[in-house]
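Residue-level structure breakdown
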Amino acid sequence: MDNSSSRRSLYTLISVFFFWGFVAASNTVLIGIFKKNFDLSQFQAQLVDWAFYTAYFVGSIIYFIISFSSGDPLNRIGYKKGLIFGLILSAVGALLFIPAASVQSFPLMLTALFVVGLGFTLQQIVANPYVIALGYPATGAHRVNLAGGINSFGTMIGPLLISYLIFGSISGNAVVDLGIDAVKLPYTILAGAFLVFAAILFFSKLPPVTNAEPVEKDLGAFRYPQLALGMIAIFTYVGVEVAIQSNIVALIKLPEIKGLDNTQSVHFISLYWGSLMIGRWAGAVSVFNFSKAAKNIMTIVVPLAAYATILLVNYIKGSPMNDLLYYFPFVLMFIGVFFLTKGKPTWMMLLFGSMGAVMMIVGLLTTGSTALYSFLSGGLFCSVMWPCIFSLSIAGLGKYTNQGSSLLIMMILGGGLIPPLQGLLADNIGIHLSYIVPVFCFAYLAFYGWKVKNVLKSQGIDYDSSVSFGH
């Protein structure tokens, strides 16, 4: 950044990325509470993710239609006002939890999450280009990766903080009788935080940035097979990332896995989202100008530092540390596979997709800690897929790049459909066997890595170079 004022603006802005991760990861805590209080099936419980992630699809398609018919609305109001409006909309959604809890309405709870997600959609559309605009374009990737690291930190501590606000001051026996009213406090605080940051942005000196690039009036982006394949990949990636952890609380309850209820398993949710943080921090090493030797060292040190951060946060929280320490071999396995990819996005997709599928199969064939940690390691192998898919999918699109980007954002819908699909399967064949769904998801992601390389090569595009990691 150019000066201290610009740096302060950046730090304020990237706080929004923390909220995205914080709320998305905290939905898993809500699933356990809703399932108990509303006597839901596993499929019905997964409607929490359906409501939240479907909002991304609905919000994106509304934005796409408006942009396509009458021009980009952000060009009229500016990025700053768009971001403020998104924060206010999410605050309204968080406040809806109060009447929803008062009338004990599960549909109204889902509506509240949907509104929060709509606000996040606008924030997603605005925040990434805004972060890039706050400084020299050549260093924009560094700022986006910093924001991505903040997002991952939010996913890691979100379940712990929400769990503490709901369960922290209640004895073990009382937790069993915990009512739905318990969600009022954390979401009231969250709504207040949204409004405070909206006010900070309003009074800040952030520039009123707009995007001057015209929106194409035809759907030419669909002529590019890398985009079509990538849309399915984004759908699958977000779906599997969410499905693994959304169903993990029910899995942990099984006597053959851990036999723990939802109040005792929150540190495993934190470990899963922390796994994504480990991978994203490792991926961020690629954007810095290290020598080859220094880069190799940092590729080992940085993910271990991220793992240490997970341990520290959970230690402060009072989580059972043995449950987290036994995960160390999986972190080492991830580092080893990461070295094999050599930072090439197609190899990232192929190897991480394959390893994800293998670990899901190991989880299906085993029980106890081996099965649980194998499923949790899916977070490690999902971690760097977003920037790989996004970059590969829009490569060579030229004037249709913006159109392709908006279509990819719509495919976040996978996070709203794949978890309920796994939940429905769990209701019929059991929660353990339902993890066959992530096997197929990872298999497609591995296939995508192989297929898109050939597609791009046929178009004369060599994309076997490092990409900037951060989402």
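Residues numbered from 1 in each chain as written. Predicted model: local features only at pLDDT ≥ 70, side-chain atom pairs only at ≥ 80, totals over all residues. Heavy atoms only, no water.

**Structural notes on the nonpolar core**
Looking at soluble globular proteins, one finds that nonpolar side chains tend to be buried together. Ranked by internal contacts, the top residues of the largest apolar core, which has 139 residues, are Phe34 and Ile248. The element contributing the most residues to this core is helix H1 (residues 4-37), with 12 residues. Excluding its chain neighbours within four sequence positions, the residues that come into contact with Phe34 are Asp39, Leu40, Val48, Phe97, Phe106, Met109 and Ile180. (Core = buried A, V, L, I, M, F, W, Y, C linked by side-chain atoms within 4.5 Å. Buried < 20%, exposed > 50% of the residue type's maximum accessible area, 1.4 Å probe, protein only. Helix = DSSP H or I, 4+ residues; strand = E, 2+ residues; numbered from the N terminus. Contact = heavy atoms within 4.5 Å.)

**Re the confidence of the model for the chain**
With 81% of its residues at a pLDDT of 70 or more, the chain has an overall mean of 81. Across residues 169-176, confidence stays below pLDDT 50; counting only partners more than four residues off in sequence or on other chains, it has 6 contacts. (pLDDT = per-residue confidence, 0-100.)

**Regarding the environment of Gly415**
Here Gly415 shows up in helix H22 (residues 414-429). In this structure, the C-alpha to C-alpha distance between Gly415 and Val240, residues 175 residues apart in sequence, is 7.4 Å. Filtering out sequence-adjacent residues up to four positions away, Gly415 remains in contact with Asp49, Tyr53, Val238, Gly239 and Val242.

**What to know about helix H10 (residues 184-203)**
Compared with an ideal rise of 1.5 Å per residue, which puts 20 residues at 28 Å, H10 spans 29 Å between its outermost C-alpha atoms and is within 8% of the ideal. Residues of H10 that are buried: Pro186, Tyr187, Leu190, Ala191, Phe194, Ala198 and Leu201. Burial along H10 is one-sided: seen end-on, the buried residues are contained in an arc of 140 degrees. (Expected span 1.5 Å × (residues − 1). Arc of directions from axis to C-beta.)

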